[in-house]
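Commentary on secondary and tertiary structure
Spelled out, the chains give:
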Amino acid sequence: MTTSRTENIPSPDPVTTEIMSNALQSVVDEAFIALMKSAYSTNIKERHDHSCAIVDRRGKLVTQAYNSIPVHVASVLGQMEALLKKYDLSEIHEGDIFAANDPHEGGGTHLPDVSLAKPVFVDGELLGFVCNIAHHADIGGMSPGSMAGGMSEIYQEGLRIPVIKLFRRGTLDQDLFDILLLNVRVRDERRGDYNAQFAALNLAERRLQDIAAKNSAALVAKVFEEIITRTGRRMADAIAGIPDGVYTFEDVMDDDGREAINVPIKLTATIDGERAIFDFTGTSPQTPGNINIPLHGTKAAVCYCLKAMLDPEIPNNHGVLDAVEVTAPPGTMLSCVAPASVASRAHTSQRIIDVVIGALATPLPEAAVGAANGANSMAVFAGSDPDTGEAYVYLETLGGGFGGRNDRDGKDGVQVHITNTSNLPVEAIEMEYPLLVESYGLIQDSGGAGKYRGGMGLQRVVRPLGHTCIFNGVGERFRNQPWGIFGGKPGASGSFWLMEDDKATRQLAHKPPDMELHPHQAVVVNTPGAGGYGDPAEREPAAVADDRASGKFSEAYMTEHYGPAPKE
Amino acid sequence: MWFIGVDVGGTFTDFHALNTADGRVELHKTPSTPDDPSRAILDGLGALMASAGIKADEIGRLAHGTTVATNTLIQRKGASVAVITTEGFKDLLEIGRQIRPKMYDMKADHPPPLAPRHMRFEVNERIGGKGQEIRPLTEEGINAVVDAVAGVETDACAVCLLFSFLAPDHERRIGAALRERLPDIGISLSSEVQPEFREYERFSTTLLNAYLQPVIGRYMKTLGRRFAEVAPKARLGINQSSGGLMSVERAGDMPIRTALSGPAAGTVGAIHQAALAGRPDVITLDMGGTSADVALIQGNEAGIGYDRNVAGFPIRLPMIDIHTVGAGGGSIAWFDRDGLMKVGPLSAGAEPGPACYGRGGTEPTVSDANLVLGRLPDSLIGGAMRLDVELARQAIQPTADRLGFTVEKTALGILGIVVANMVRAVRSISVERGHDPRDFALMAFGGAGALHAGDVARELEMREIIVPPAPGILCAQGLVVSDLKEDFVATRRLPYDAETLAAVAGDLADLRGRAEAWFAEEGIAMADRSLRIAFDMRYVRQNFELTVPWVEIEGGVEPDMSSLEALRARFYELHERTYGHYTETDPIEIVNIRVAAVGRTAPEQKAIAGEASSSEPSPIGSRAVWFAAEASVETPVYERASLSAGQSVRGPAVVEQLDALTVIHPGDLARVDAHGNLIIEVGA
């Protein structure tokens, strides 16, 4: 196809573009909800670990559902790039559906995220693609859930899917589908999730065709271009507002996924007019453990960060991505190559964001924040209910501190950056599982001092009732503290503790593997706090007085950072 | 007897009075008095009584929709409030669900709790997940925590203990000790405000309730006393968010239930008017000066939702499921950083108002666009308010220059965008919940609903629009036709099978006993008592429930317990509609049992539009109205009051009345039904 239907059509005006982009947003939001509602697994239905998008015929992102996960941008782009490389446009037909998940061949970021794409045709001509991504609760491999630590090769992490044509002209390739389903646990649930993804694609295709029928496909295609161009312009203007210069920053991961050694992430950011180049040369080679991330995943993290620092309301489309250049040498942790394992790449994404904020803090002091808790602190309790004999697995990721900001304190006990999943209510946990939550609160002294202090970490103490269970934990920022900025002090690191008879007796490893927990014991989960912003000496006296009144900090801590309490 | 509804809005206080003997209706409108809303109520009532010749002892009921609670929350003008909670959990209200309101905005936070940390006190006690006592509550523990609350300056106290919905005894003992020691403060127990599981939402609702108690309690007392002087024989009812009335005393104890009082009344009015028009399935569009509310009504019933955010805080209570979007007459058009035009959510409000009001507003608004396009006349409220088309043009001109459009094309663009925003809101309550808007009629009301309904209906391919006889006063009308209502709930998590169906019998009897006691207290005659029983159900391991209606029983009749088995099929049906699938093999469980007690107090209805007429209505004039950017169309203007039942008007036409205006598009046909509704067939 050499001719484009958009030739000879004037650019749509700002009113038409706004009304049409509103309609396109409705398409992806509706598909997002349809997928959420018809999926079978809790991960999609309740944690909303899925995304929907429209891309143009060149594979460029036009619009994404409002509640989509930032890192899923990477999978949409990666898959479209791999798809258009593998298939000529002449091989793409109405009714085809493509699937992929492999980070090395299929444009994914980790195997549980299965991306699907369906071309949308109007009057026989390709208008663009509708896509969705769902995090499947299991994709096979050596451990249930396909996310455990300790894996060192992608082969151990589950079934690898390059870009494949799962539907050909509307017909499912049952042989291929049988392979996909045979290689995963809880096959029926996975089939249900796939069916939900297919249905959401078909819905989005139909809605997009309706819009094209109402307005002409040529106009829709032109609006795609217009949206991306305008967003690109908006992003480039925002970048041009950053003072030119070369900015560097370095931070470390607590371990390489297996062993507790510092693993460096190094960034050189160059701002030159409208160009923004993020070069991660100097970062650790890819690691044996599964904290690696492919380059398009790194780019998604950088783009999250720029959007958040420069213009949170900017639409999520290719205009943002085109405005930013991200490089890292192949074979390093942030541009990993086969057979690197990647399942826990979310922790790494959090650290990439800390590093980008650290580098841009110099030119953008007002947008920068102290390092947040920088993790997806995870605690898993599994066992059998002593009353019913039924097996249970209770998994939760806990928030922590958000960094101090230029005009206010960091938020206490909250999910940060690319993670925003809700906690499970204590009453839901205890009605569902034979566990007792002894306490759930903020950790005293965990927020880094500062003119604007860092947010506080969370503590949750959990005890098995009447049986022995297994505990698994995954911590980051457990060895290294979240740093403060512009003189702000670091927040506390996280930790896992074993408590016996109401006394904390032993600190556990920061990624404790399957550990037996008896009824007289409890696990204490302490998540990291966050770094402060600015010199504590500049903290307003009223804010210092509030800190004292709140009881969030000990008098010793207050005296150390802000001086003794004023005399009455 | 006269039944009077009074709805207090931000700008106007509206009255709808119905004579139950002859069906006569009197309407009245007076400016609101935000510093003391009761002043406008009493002054307006006096004026209405004088003009309509209503005597004090002829008023049987006055029902009130109020925004006092919502405004108190938004302006943070509630009481100083303390919290007592289970040891180990005083930060829970602050942590909430550990999420941020916006994924990409590093500076957006949920607001801090209304009780700061040093006002939150822990008490040593613990109830477990089966209602068992893990740690007892001792008298020393109670005394210590009550001492602590007494030691701080506070007007109210919220008592929020874990699992109190299963075992309320600990909360009750603390409540009793508080009442004895601090008789003048407001006290809210989470097991009384909303006895359901999920502690954060329950605690937050309870804290908000306590925060409002002193303010609303005072307001209710004053209003009750002054009203008793004006109308000694009348009962005063306060509308709740779930769409039913409660007593003033109850409202003083449970002020959080009035958070959606006004909009809920509008939906009740819409249901009533749609039922008269013979339309059981409608989508409502209530558009005012700053926002538009949409709700879905099916089979003459509004959807009930349980979770809502008010002023940044979650509340969990039964509420009419209303979706609000920042689209109103005062919504301002502006350009975003990427150069795309947006309309709202920022609004010119009532002051200074749209540019055309001539009160100093200069930004282009939706009302300015409507005026430039000839859809609004040059005066409102029967001439009481002039609109200046030149000021409107001047406000729009810079936007037109930037776009390279004519002023009229720009105005149509402003309307196009505000309509697109409303269309998205309608889609979110219909399409996204498994309903096709084409199966519904669009009920347009509020001052601006019927101005835009034609465009909204076209975008959604809806074929019919209903404009009630008094669209600007439908909320007040809803209050007149409201029944007395009280919701009861018990959390019982039980697998759904033959044995547990027997096990819920005790809970049901308990809930019904409480409902009957409430009926007796409210003096509702046996024949007017109605109970709707529903179960919140889900598949085991799901973390959300569907409310499955079971039976509606009248006049104290015993429900047929064997029909509980029917819940299964109804759950499947609801799951299919809501989530697109269901399975018969997975186990189901019951989570909550709900009983809604309705005491029928609303008057009988009569047709009001008088004699049917087949004559052609005559316009009072005509003006140029723009339906497209190229040219205007000379359009006849009718007075709503002059249209009688059976008459019809073919578009293009404009129908004017005191506080609302209806645009009938070219190709549409409007006719007046026996109840005074304007029924518009789109593209007839």
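Residues numbered from 1 in each chain as written. Chains lettered and ligands numbered in written order. Predicted model: local features only at pLDDT ≥ 70, side-chain atom pairs only at ≥ 80, totals over all residues.

Here's the deal with the overall build of chain B
When its secondary structure is counted, chain B shows 16 helices and 35 strands. Structurally, chain B occupies a C-alpha span of about 80 × 60 × 55 Å along its principal axes. Here chain B holds 684 residues, and the buried ones make up 54% of them. If you take every contact in chain B between residues at least 6 apart in sequence, the share linking residues at least 24 apart comes to 67%. (Helix = DSSP H or I, 4+ residues; strand = E, 2+ residues; numbered from the N terminus. Buried ≥ 20, exposed ≤ 12 C-beta atoms within 10 Å, placed from the backbone. Contact = placed C-beta atoms within 7 Å.)

Remarks on the overall build of chain A
Along the backbone of chain A there are 12 helices and 20 strands. By the compact-globule yardstick of 24 Å for 568 residues, chain A fits well, its C-alpha radius of gyration being 24 Å. Principal axes of the C-alpha set define a box for chain A whose edges measure 80 × 60 × 40 Å. Expressed as a percentage of its 568 residues, the buried residues of chain A come to 61%. (Rg over C-alpha atoms; globule rule 2.2 N^0.38 Å.)

Observations regarding the interface of chain B and chain A
If you look at the interface, chain B gives 52 residues, while chain A gives 51 residues. At the level of elements, helix H3 (92-95), helix H7 (199-230), strand E20 (341-347), helix H12 (407-429) and helix H16 (566-579) of chain B are the ones that each hand at least two residues to the side of chain B that touches chain A. With six residues, H12 of chain B is the largest single contributor of residues to the side of chain B that touches chain A. Split by residue class, the side of chain B that touches chain A holds 20 nonpolar, 12 polar and 20 charged. (Nonpolar A, V, L, I, M, F, W, Y, C, P; charged D, E, K, R; others polar.)

Thoughts on the sheet that holds strand E6 (residues 120-123) of chain B
Residue and element names in this part refer to chain B. One open sheet holds the four strands; their spatial order is E6-E5-E9-E10, and the pairing between them is parallel. Edge positions in the sheet fall to E6 and strand E10 (186-189), since each of these pairs with one other strand and no more. Across the sheet, the axes of successive neighbouring strands diverge by a mean angle of 20°, strand direction being ignored. With five bridges connecting them, strand E5 (residues 81-86) and strand E9 (residues 156-160) associate as parallel partners. Across the sheet, residue Val 83 finds its bridge partner in E9, namely Ala 158. The strands touched by helix H4 (residues 139-150) within the sheet are E5, E6 and E9, with E6 carrying the most contacts at an inclination of about 170°. This element, H7, spans E5, E9 and E10 of the sheet and lies at about 160° to E9. (Pairing = 2+ DSSP bridges. Axes fitted to C-alpha atoms, helices over the stretch in contact; angles between N-to-C directions.)

Remarks on helix H7 (residues 295-310) of chain A
Each α-helix turn comprises 3.6 residues. Residues three or four places apart therefore point the same way. The end-to-end C-alpha distance of H7 of chain A is 22 Å, a good match for the 22 Å that 16 residues give at a rise of 1.5 Å each. By the criterion of burial, H7 of chain A is predominantly enclosed, with 16 of the 16 residues buried. (Expected span 1.5 Å × (residues − 1).)

So, the packing of helix H1 (residues 14-38) of chain A against helix H5 (residues 187-215) of chain A
Residue and element names in this part refer to chain A. It is at 8 Å that the axes of H1 and H5 come closest, and there the two elements cross at 160°. Judged by the inter-axis angle, H1 sits roughly antiparallel to H5. Considering only the axes of H1 and H5, their crossing is right-handed. Residues Met 20, Ala 23, Val 27, Val 28, Glu 30, Ala 31, Ala 34, Leu 35 and Ser 38 of H1 form the contact with H5, whose participating residues are Ala 196, Gln 197, Ala 199, Ala 200, Leu 203, Ala 204, Arg 207, Leu 208, Ile 211 and Asn 215. Of the residues in the contact of H1 with H5, the class split is 14 nonpolar, three polar and two charged. (Parallel < 35°, antiparallel > 145°, perpendicular 65-115°, else oblique. Left-handed = near helix turned anticlockwise from the far one by under 90°.)

Observations regarding the packing of H7 of chain A against helix H9 (residues 345-360) of chain A
Residue and element names in this part refer to chain A. Where H7 meets H9, the axes come as close as 9 Å, and the angle between the chain directions of the two elements is 45°. When the interaxial angle is binned, H7 and H9 end up oblique. Here H7 and H9 pass one another in a crossing that is right-handed. For the pair H7 and H9, the contacting residues are Gly 297, Thr 298, Ala 301, Val 302, Tyr 304, Cys 305 and Met 309 in the first and Arg 345, Ser 349, Ile 352, Ile 353, Val 356, Ile 357 and Leu 360 in the second.

Overview of the pairing of strand E2 (residues 12-19) of chain B
Remember that side chains alternate between the two faces of the sheet whenever the strand is regular. Residues and elements named next belong to chain B. Burial within E2 is extensive, with seven of its eight residues counted as buried. Bridge count for strand E1 (residues 2-8) against E2 is seven bridges, and the pairing is antiparallel. The residue of E2 that forms the bridge with Val 8 is Thr 13. Connecting E1 to the next strand, E2, in antiparallel fashion are three residues.

What about unusual backbone geometry?
Of note, the amide linkage connecting Ala 338 of chain A to Pro 339 of chain A takes the cis form, showing an omega dihedral of 5°. Counting through the fold element by element, Pro 339 of chain A comes out in the loop between strand E11 (325-327) and H9. Of note, the bond from Gly 651 of chain B into Pro 652 of chain B is cis; its omega dihedral lies within 30 degrees of zero at 5°. Relative to the helices and strands, Pro 652 of chain B resides in the loop between strand E31 (648-650) and strand E32 (653-657). Look at His 417 of chain A: it is not a glycine, yet its phi comes out positive at around 50°. Its place among the elements puts His 417 of chain A in the loop between strand E13 (391-397) and helix H10 (426-432). Backbone geometry at Asp 445 of chain A places phi at a positive 70°, although glycine is not the residue there. As for its position among the elements, Asp 445 of chain A is in the loop between strand E14 (435-442) and strand E15 (458-464).

Digging into the domain arrangement of chain B
Residues and elements named next belong to chain B. Domains assigned within chain B are domain 1 (74-218) and domain 2 (484-599). Between the C-alpha centres of domain 1 and domain 2 there is a distance of 28 Å. Residues belonging to the side of domain 1 that touches domain 2 are distributed by class as follows: four nonpolar, no polar and one charged. (Domains from an automatic or database assignment.)

Regarding the sheet that holds E32 of chain B
All names here are of chain B. Taken in spatial order, the four strands of this open sheet run E29-E30-E32-E33, and their pairing is mixed. Lying at the two open borders of the sheet, with one neighbouring strand each, are strand E29 (621-626) and strand E33 (660-664). Strand-to-strand twist across the sheet, computed as the mean angle between neighbouring axes with direction ignored, equals 30°. Sheet topology note: the E29/strand E30 (residues 632-639) ladder contains six bridges and is antiparallel. Considered in E30, the bridge of Arg 623 is made with Thr 635.

Observations regarding the nonpolar core
Counting 378 residues, the largest nonpolar core has Val 81 and Cys 157 of chain B as the members making the most contacts within it. If near-sequence neighbours (up to four positions away) are discounted, Cys 157 of chain B is found in contact with Val 81, Ala 82, Ile 84, Val 149, Leu 178, Ile 185, Ile 187 and Ala 210 of chain B. Core analysis: the second largest hydrophobic core is formed by five residues, Val 544, Phe 553, Met 558 and Tyr 562 of chain A among them. (Core = buried A, V, L, I, M, F, W, Y, C linked by C-beta atoms within 7 Å.)

Regarding the domain arrangement of chain A
According to the domain assignment, chain A consists of domain 1 (14-227) and domain 2 (369-568). Taking only C-alpha atoms into account, the centre of domain 1 of chain A sits 36 Å from that of domain 2 of chain A.

Notes on the environment of Lys 90 of chain B
The residue Lys 90 of chain B is located in the loop between E5 and H3 in this model. Distance from Lys 90 of chain B to Met 119 of chain B, taken between C-alpha atoms, is 9.7 Å for residues 29 residues apart in sequence. What Lys 90 of chain B contacts, discounting residues up to four positions off in sequence, is Gly 441 of chain A together with Thr 85, Arg 120 and Glu 122 of chain B.

A word on the environment of Val 123 of chain B
Residues and elements named next belong to chain B. On the secondary structure map, Val 123 appears in strand E6. A C-alpha to C-alpha distance of 10.0 Å links Val 123 and Glu 140, two positions 17 residues apart in sequence. Beyond its immediate chain neighbours, meaning those up to four positions away, Val 123 contacts Ile 84, Thr 86, Glu 87, Leu 137, Gly 141, Val 145 and Ile 174.

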